[in-house]
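Here is what each chain is made of, one letter per residue.
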Amino acid sequence: CQACLQLAPDYKKVATNLKGIAPIGVVDCTDVRSVRTCRSFGAHSFPKILVFKPGGRVNPYTGGALKSFEEYKGKLTAASLTAAVTNQLTDQHIVRLTNDSVHGNFMGQDPRLSKVLLFTDQNGSTVLYKALSLAYLGRLLFATVQPGNSQLEEQYGVTQHPKLLVVTPDGTQHQYTGPLQAGQLKEFLDNYASKQLLTPVSNSSKGSDGPSEVVIHNLTASDLLDVDRDEDIWLVAFYAAADDNACASQLWELSKLCDDVQAIVNYGQLNAAKAGLSDKTLRKLGVHASALRADGCELQLVLLTHGRYKASTAGYVR
């Protein structure tokens, strides 16, 4: 794959830039050991880049991680790829200590967990701090102290920024004195993080022949051609909405259904409104077009039976 070879230097830069912040992986789909993985993620043309969102759920049957993702279709440069990953990081698990009341509430949270406080002269959270708050979710609690909070600075003996410290459950303070780099910070935080995860994600007990993770593919109109050529069975949910968030609850119920069924078939979801599919095309796929127009969030599930070129064999079953 010539495009893959051209991408390699930039991809290595991304891995270097995000070391300790986000794992960057490569799957060689020419390797027979990777065929199952490539097929499950719909990798038929290359390079195919998937960006997985932070967090996720645990499959109660397999113990595998269920993570949502989206295919990257931007520029194949180190800067653009790095931005695509870091834009997924959120500061929703970082508390901004703006006053004594917020500080008191934060320190009163889960008494089993140590609290991490970052005194900074910036108004927002850095990419690194966001990544740490996600990496230690359920094991540490994170907060920032914004510029000008002299009372908290005096209370914790902070005289310069940035300054990071950990307050353990017994009230002891531990100041970090090293560089604000991912590797060194993780070594420091590991000393105070809870050893027990609230929602552990572990797949170590499963062998390579065990059930694979459930993946629901966000399909486009062009993806349907690949699905049609795929010999495997597909179950595709069709909906129609200008904004995907409008059908969020229905799609969430779909994901729970797929969890229960497990990865015995391939799963996909397609927003017919965004894909621009005509009524004629929808009918060929087994979709009730008028019902979809009447209620775009009432998911229509279509089973694409085993074998290639499903359309020519009337292989779409609603």
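Residues numbered from 1 in each chain as written. Predicted model: local features only at pLDDT ≥ 70, side-chain atom pairs only at ≥ 80, totals over all residues. Heavy atoms only, no water.

1. Considering the sheet that holds strand β7 (residues 140–145)
Thinking step 1. Strands sit in the order β5-β7-β6-β8-β9 across an open sheet of 5 strands; the sheet is mixed. Pairing within the sheet leaves two strands with one partner each, and these edge strands are β5 (94–97) and β9 (173–175). Ignoring strand direction, the axes of neighbouring strands in this sheet form an average angle of 25 degrees.
Thinking step 2. Pairing between β5 and β7: 4 bridges, direction parallel. (Pairing = 2+ DSSP bridges. Helix = DSSP H or I, 4+ residues; strand = E, 2+ residues; numbered from the N terminus. Axes fitted to C-alpha atoms, helices over the stretch in contact; angles between N-to-C directions.)

2. Focus: the pairing of strand β6 (residues 114–119)
Thinking step 1. Buried residues dominate β6, accounting for 6 of its 6 residues.
Thinking step 2. With burial as the criterion, each face of β6 is covered, one bearing Ser114, Val116 and Leu118 and the other bearing Lys115, Leu117 and Phe119.
Thinking step 3. Where β6 and β7 come together, 6 bridges link them in parallel fashion. Of the residues in β7, the one forming a bridge with Lys115 is Leu141.
Thinking step 4. On the question of chirality, the crossover connecting β6 to the parallel β7 by way of helix α5 (residues 127–135) is right-handed.
Thinking step 5. Of the strand pairs in this sheet, β6 and strand β8 (residues 163–167) are connected by 5 bridges, and their pairing is antiparallel. Its bridge partner being in β8, Phe119 is matched across the sheet by Lys163. (Buried < 20%, exposed > 50% of the residue type's maximum accessible area, 1.4 Å probe, protein only. Right-handed = clockwise from strand over helix to strand, strands pointing away.)

3. What about the nonpolar core?
Thinking step 1. Counting residues in hydrophobic clusters, the biggest one holds 18 residues, and the most contacted among them are Val116, Tyr129, Leu132, Leu140, Phe142, Leu164 and Leu189.
Thinking step 2. Counting 16 residues, the second-largest nonpolar core is a separate cluster that includes Trp234, Phe238, Val287 and Leu304. (Core = buried A, V, L, I, M, F, W, Y, C linked by side-chain atoms within 4.5 Å.)

4. Notes on unusual backbone geometry
Thinking step 1. Put simply, Phe46 and Pro47 share a cis peptide bond, and its omega is -5 degrees.
Thinking step 2. Mapped onto the fold, Pro47 is located in the loop between α2 (35–40) and β1 (50–52).
Thinking step 3. The peptide bond linking His161 to Pro162 adopts the cis configuration, its omega dihedral lying at -10 degrees.
Thinking step 4. With respect to the secondary-structure elements, Pro162 resides in the loop between α6 (150–156) and β8.

5. Details of the state of the cysteines
Thinking step 1. Within this structure, the stated rule accounts for 2 disulfides.
Thinking step 2. The disulfide partner of Cys1 is Cys4, and the S-S distance across this bridge is 2.3 Å. Residues Cys1 and Cys4 share a disulfide whose torsion about the S-S bond is about 75 degrees; that sign makes it right-handed.
Thinking step 3. Accessibility expressed as a relative area gives 52% for Cys1, which makes it exposed.
Thinking step 4. On the accessibility criterion, Cys4 (29% relative accessible area) is partly exposed. (Disulfide = S-S within 2.5 Å.)

6. A word on the pattern of salt bridges
Thinking step 1. Using the criterion set out here, one finds 5 salt bridges in the structure.
Thinking step 2. When the shortest N-O distance is used, the salt bridge between Lys73 and Glu71 registers 3.5 Å.
Thinking step 3. By relative accessible area, which is 64% here, Lys73 ends up exposed.
Thinking step 4. For Glu71, a relative accessible area of 31% translates into the label partly exposed.
Thinking step 5. Across the pair Asp279 and Arg293 runs a salt bridge, and its minimum N-O distance is 2.4 Å. Of the two residues, Asp279 sits in helix α11 (residues 279–284) while Arg293 sits in helix α12 (residues 289–294), which places them 14 residues apart along the sequence.
Thinking step 6. Linked through salt bridges whose partners overlap, the residues forming this network are Lys48, Glu71 and Lys73. (Salt bridge = Lys/Arg side-chain N within 4 Å of Asp/Glu carboxyl O.)

7. Things to note about the packing of helix α1 (residues 2–17) against helix α3 (residues 78–86)
Thinking step 1. The contact between α1 and α3 brings their axes to 8 Å, and the two run at 45 degrees. Taken together, the axes of α1 and α3 are oblique relative to one another. In this structure, α1 crosses over α3, and the sense of that crossing is right-handed. Where α1 abuts α3, its residues Leu7, Asp10, Tyr11, Lys13, Val14 and Asn17 lie against Ala78, Leu81 and Thr82.
Thinking step 2. Residue classes in the contact of α1 with α3 are distributed as 5 nonpolar, 2 polar and 2 charged. (Parallel < 35°, antiparallel > 145°, perpendicular 65-115°, else oblique. Left-handed = near helix turned anticlockwise from the far one by under 90°. Contact = heavy atoms within 4.5 Å. Nonpolar A, V, L, I, M, F, W, Y, C, P; charged D, E, K, R; others polar.)

8. Structural notes on the packing of aromatic side chains
Thinking step 1. On inspection of all chains with the given rule, the structure shows 8 aromatic pairs.
Thinking step 2. Seen from their ring centres, Tyr129 and Phe142 are 5.4 Å apart, and the 75 degrees between their planes marks the pair as edge-to-face. Separated by 13 residues along the polypeptide, Tyr129 in helix α5 and Phe142 in strand β7 bring together distant segments of the chain.
Thinking step 3. Judged by centre distance (5.1 Å) and plane angle (55 degrees), the rings of Tyr176 and Phe188 are tilted. In this pair, Tyr176 is assigned in the loop between β9 and α7 (182–190) and Phe188 in helix α7, connecting sequence segments 12 residues apart. Each of the two residues, Tyr176 as well as Phe188, counts as buried.
Thinking step 4. Within the aromatic cluster, the residues linked to one another by ring pairs are Phe41, Phe52 and Phe69. (Phe/Tyr/Trp six-rings, centres within 6.5 Å; stacked < 30°, edge-to-face > 60°.)

9. Details of the confidence of the model for the chain
Thinking step 1. Predicted confidence across the chain gives a mean pLDDT of 83, with 85% of residues reaching 70 or more.
Thinking step 2. Overall, residues 198–212 carries pLDDT values under 50, and its contacts beyond four positions in sequence, including any with other chains, amount to 21 contacts. (pLDDT = per-residue confidence, 0-100.)

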